[in-house]
Each structure stands twice: as structure tokens, then as C-alpha cells.
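Overview (structure and organization)
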Amino acid sequence: MNIKIHFWRNKQPDNEPVKNGVDLVSLEELLKESDIISLHVPFIPGNTENMIDTKELEMMKDDAILINTARAQVVNMEAVTDALINHKIGGYGADVLVDEGDIFGKDFAKLSDLPNVEVYKMMDQFPNVIVTPHVGSFTKPALEDMISVSYKNFHEVLETGTCANELV
């Protein structure tokens, strides 16, 4: 099995060395060459909003799998549904949804009771779609890390006025 890892960065620091066999590539190249695309970006309105839309989905291989564990808003769900209908991607997985507070942690008597039409269509029509209830953040280590990093960030901002994890 030949595995090649591509990594895309919106802004690459000058002279950053490529490490551990990871290639830094353009988003277009990443989309065209990858079999599995896993999104791990923050939601920044006007920047990463609908980062994956019809144009990006059309660049992907017809059997590529798109995974969104970032934020729901970085993917246009209607475009993903269309791509699935037209066999432009091989599958979709997510543990994030727009308005997820209306879905996660709730009991539904039947699938059609879901309040989000796009989620309902995906889950009803496509066996190649997996939606999980934001489980990545519900482990003890993940919660401990979130709390620890948050406190360190708060302290750094109070002490220096800035933070290494600041989004600009």
C-alpha cells in the first residue's frame, strides 16, 4: 500500500521545512490527488465559510471520501448532497452539523423528525454517509486538553496581550 500525505495551509510560514514526508500543496492539488480528505480548520466567516463547495467537490476524485470534523460551516451541505446524488464523491462523514444543538443529544422517533432537511436527505438516501454526534470532543483527554489550552490561552492574553493560538 502506498500512502502519501498532503497537507494544505492557507498561510505557510516562510522557510518552513517539510517534515515527516508530508507534502505542503495547494488546496486544488490536495483535492485533485487525495482519496480521503479530512478537514481540520476553524470556522472563520468570510474565510473558511463554505471552503468546500461545488467547485471544490468537482475537483475531487469520484470515489474520494470527504470527512468534516472541523465546523459544519466550512462545507456547503447542499453541494455535498448534490455531489453524492451525482456520484461526484464516494462518501461523506461528519461529526459536525449546522444547528447541531437541535439534533445532538435529542431523541427522534423516526429519521424524518430531524429538523435539518439536508441532514435528513443525506442520512435517508445515502448508505455512504456517516454522521456522528460530535463524539470527538467527549473523551476525557479531549476535554482535559480543551480546558488546559483555554486556560493557558487566557493567561497568555492577560499577561502579554496576545496568544500563540490567536486566529488572525
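Predicted model only: the values in this text are computed from it and were never measured.

Here we look at the nonpolar core
Side chains of a nonpolar character, in soluble globular proteins, are inclined to be buried together. The biggest cluster of nonpolar side chains holds 33 residues, and the ones touching the most others in it are Leu39, Leu57, Leu66, Val80 and Tyr92. At the level of elements, α1 (27–33), β3 (36–39), α2 (54–59), α3 (77–85), β5 (91–94) and α4 (117–125) are the ones that each hand at least two residues to this core. When residues in this core are grouped by element, the largest group, 5 residues, is from α3. Other than its neighbours up to four places away in sequence, Leu39 contacts Met51, Ile52, Leu66, Ile67, Asn68, Thr69, Ala70, Val74 and Val75.

Some thoughts on the sheet that holds β5
Overall, parallel pairing links the 4 strands, which are arranged β3-β4-β5-β6 in an open sheet. Each having just a single partner strand, β3 and β6 (129–131) make up the two edges of the open sheet. The mean angle between the axes of side-by-side strands here comes to 10°, regardless of whether they run parallel or antiparallel. As defined by bridge partners, β5 adjoins β6 across 3 bridges and the pair is classed as parallel. Residue pairing for β6: Ala94 is matched across the bridge by Val131.

Observations regarding the pairing of strand β4 (residues 65–68)
What you see with β4 is a clean split: Leu66 and Asn68 sit on the buried side and Ile65 and Ile67 on the side with no burial. A crossover links β3 with its parallel partner β4, the connecting element being α2, and its sense is right-handed. Judged from the 4 bridges that link them, β4 and β5 form a sheet pairing that is parallel. Within β5, the residue paired with Ile65 across the bridge is Gly91. Of the crossover connections in this fold, the one passing from β4 over α3 to the parallel β5 is right-handed.

Section: the packing of α3 against α4
Two numbers describe how α3 lies on α4: the axes approach to 10 Å, and their chain directions differ by 25°. Taken together, the axis directions place α3 and α4 in an arrangement best described as roughly parallel. Relative to α4, α3 is oriented so that their crossing is left-handed. For the pair α3 and α4, the contacting residues are Met77, Glu78, Val80, Thr81, Leu84 and Ile85 in the first and Glu118, Val119, Lys121, Met122 and Gln125 in the second. Grouping the constituent residues of the contact of α3 with α4 by class yields 6 nonpolar, 2 polar and 3 charged.

Some words on the confidence of the model for the chain
Per-residue confidence for the chain averages 84 on the pLDDT scale, and 83% of its residues sit at or above 70. Across the chain, α2 holds the top mean pLDDT of 97, while strand β1 (residues 5–7) sits lowest at 62.

Focus: the side chain of Thr48
Looking at the secondary structure, you find Thr48 in the loop between β3 and α2. Here Pro42 takes part through its backbone oxygen, which lies 2.7 Å from a polar atom of the side chain of Thr48. Excluding residues that lie within four positions of it along the chain, Thr48 makes contacts with Pro42, Phe43, Gln73 and Val74.

What counts as what
Residues numbered from 1 in each chain as written. Predicted model: local features only at pLDDT ≥ 70, side-chain atom pairs only at ≥ 80, totals over all residues. Heavy atoms only, no water. Core = buried A, V, L, I, M, F, W, Y, C linked by side-chain atoms within 4.5 Å. Buried < 20%, exposed > 50% of the residue type's maximum accessible area, 1.4 Å probe, protein only. Helix = DSSP H or I, 4+ residues; strand = E, 2+ residues; numbered from the N terminus. Contact = heavy atoms within 4.5 Å. Pairing = 2+ DSSP bridges. Axes fitted to C-alpha atoms, helices over the stretch in contact; angles between N-to-C directions. Right-handed = clockwise from strand over helix to strand, strands pointing away. Parallel < 35°, antiparallel > 145°, perpendicular 65-115°, else oblique. Left-handed = near helix turned anticlockwise from the far one by under 90°. Nonpolar A, V, L, I, M, F, W, Y, C, P; charged D, E, K, R; others polar. pLDDT = per-residue confidence, 0-100. Polar contact = N/O pair within 3.5 Å; in protein donor to acceptor, adjacent residues only side chain to side chain.

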